[in-house]
Amino acid sequence: MIYFLDANIISYVMRQVPSVISRLQELIKNSADIRIPIISYYEVKRGLLSNNSMHKLALFDAQMKVFGLVPMRETTFELAAQIYAQLKSAGKLIEDADLFIGCSALEHNAILLTNNSNHLGRIPHLQIEVLN
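Residues numbered from 1 in each chain as written. Predicted model: local features only at pLDDT ≥ 70, side-chain atom pairs only at ≥ 80, totals over all residues. Heavy atoms only, no water.

(A) A look at the sheet that holds strand β4 (residues 111-114). Spatial ordering of the open sheet is given by β3-β2-β1-β4-β5, a layout of five strands whose pairing is parallel. Whereas interior strands pair on both sides, the edge strands pair on one side only; in this sheet they are β3 (68-70) and β5 (127-130). Each adjacent strand pair in this sheet contributes to an overall mean axis angle of 35°, direction not counted. Both β4 and β5 contribute to a ladder of four bridges, which runs parallel. What sits directly across from Thr114, in β5, is Val130. (Pairing = 2+ DSSP bridges. Helix = DSSP H or I, 4+ residues; strand = E, 2+ residues; numbered from the N terminus. Axes fitted to C-alpha atoms, helices over the stretch in contact; angles between N-to-C directions.)

(B) Broad picture of unusual backbone geometry. Positive phi outside glycine occurs at Gln16, with the angle close to 60°. Relative to the assigned elements, Gln16 resides in the loop between α1 (7-14) and α2 (18-29). By relative accessible area, which is 51% here, Gln16 ends up exposed. If you check the backbone angles, Ser31 has positive phi at about 60° while not being a glycine. As for its position among the elements, Ser31 is in the loop between α2 and β2 (33-37). Among the residues examined, Ser31 registers a relative accessible area of 64% and is labelled exposed. (Buried < 20%, exposed > 50% of the residue type's maximum accessible area, 1.4 Å probe, protein only.)

(C) Examining the packing of helix α3 (residues 38-50) against helix α6 (residues 96-107) more closely. One way to put it is that α3 packs onto α6 with a least axis distance of 8 Å and a crossing angle of 140°. In terms of orientation, α3 and α6 fall into the oblique class. Here Ile39, Ser40 and Glu43 of α3 come into contact with α6, specifically with Ala97, Phe100 and Ile101. For the contact of α3 with α6, a count of residues per class yields four nonpolar, one polar and one charged. (Parallel < 35°, antiparallel > 145°, perpendicular 65-115°, else oblique. Contact = heavy atoms within 4.5 Å. Nonpolar A, V, L, I, M, F, W, Y, C, P; charged D, E, K, R; others polar.)

(D) Broad picture of the layout of surface pockets. Computed from the structure, the largest pocket encloses a volume of approximately 160 Å³. Lining of the largest pocket is provided by Ala7, Ser11, Met14, Arg15, Glu43, Val44, Leu48 and Lys56. When residues of the lining of the largest pocket are traced back to their parent elements, those giving at least two are α1 and α3. Among the residues forming the lining of the largest pocket, the class breakdown is four nonpolar, one polar and three charged. (1 Å grid on protein atoms, 1.4 Å probe; cavity = no way out; pocket = protein on both sides within 12 Å on 5 of 7 lines; lining within 4 Å. Points joined across faces, edges and corners; volume = space filled by probe spheres on them.)

(E) Spotlight on α3. For α3, with 13 residues, the first-to-last C-alpha span of 18 Å sits near the 18 Å given by 1.5 Å per residue. Among the residues making up α3, those that are buried are Ile39, Ser40, Glu43, Val44, Lys45 and Leu48. Elements that come into contact with the buried residues of α3 comprise β1 (2-5), α1, β2, α4 (54-66) and α6. (Expected span 1.5 Å × (residues − 1).)

(F) Up close: the nonpolar core. Membership of the largest hydrophobic core comes to 24 residues, with the highest contact counts inside it found for Leu5, Val20, Leu24 and Leu113. Among the elements of the structure, β1, α1, α2, β2, α3, α4 and β4 are those that each provide at least two residues to this core. Top contributing element to this core by residue count: α1, with six residues. Not counting chain neighbours up to four residues away, the residues in contact with Leu5 comprise Ile10, Leu24, Ile34, Arg35, Ile36, Pro37, Ser40, Phe67, Leu112 and Leu113. Counting 18 residues, the second-largest nonpolar core is a separate cluster that includes Cys103, Ala105, Leu112 and Ile123. (Core = buried A, V, L, I, M, F, W, Y, C linked by side-chain atoms within 4.5 Å.)

As far as function goes, none of this settles anything; it's purely spatial.
Listed below in structure tokens is the structure:
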């Protein structure tokens, strides 16, 4: 099974939140394929750089070596545009970053590990596992 990490989960990993660390260890033990979508990478990296958090930036770079980075493809943007139109007509828009992360997971048939089910749960057929 493939799992994608939302930016908030990466932040929890960096803060060593026990429940998140435990779940990731369990997934790794069971040979799960854990990846970081490029937009999650961007969200975390921009925050660390803007706060000049060099120690946390080094931790993040180390995580990148453990978990692979998933680029976005043209088909991801196409899917995101279609879902954006659906969400807009339903009056349930979400931020572009969340839409891109969710659509990337959807396109790769991955389960998205997040604590943001309120927004990401609006994406049809997206598999989510909520971690706190």
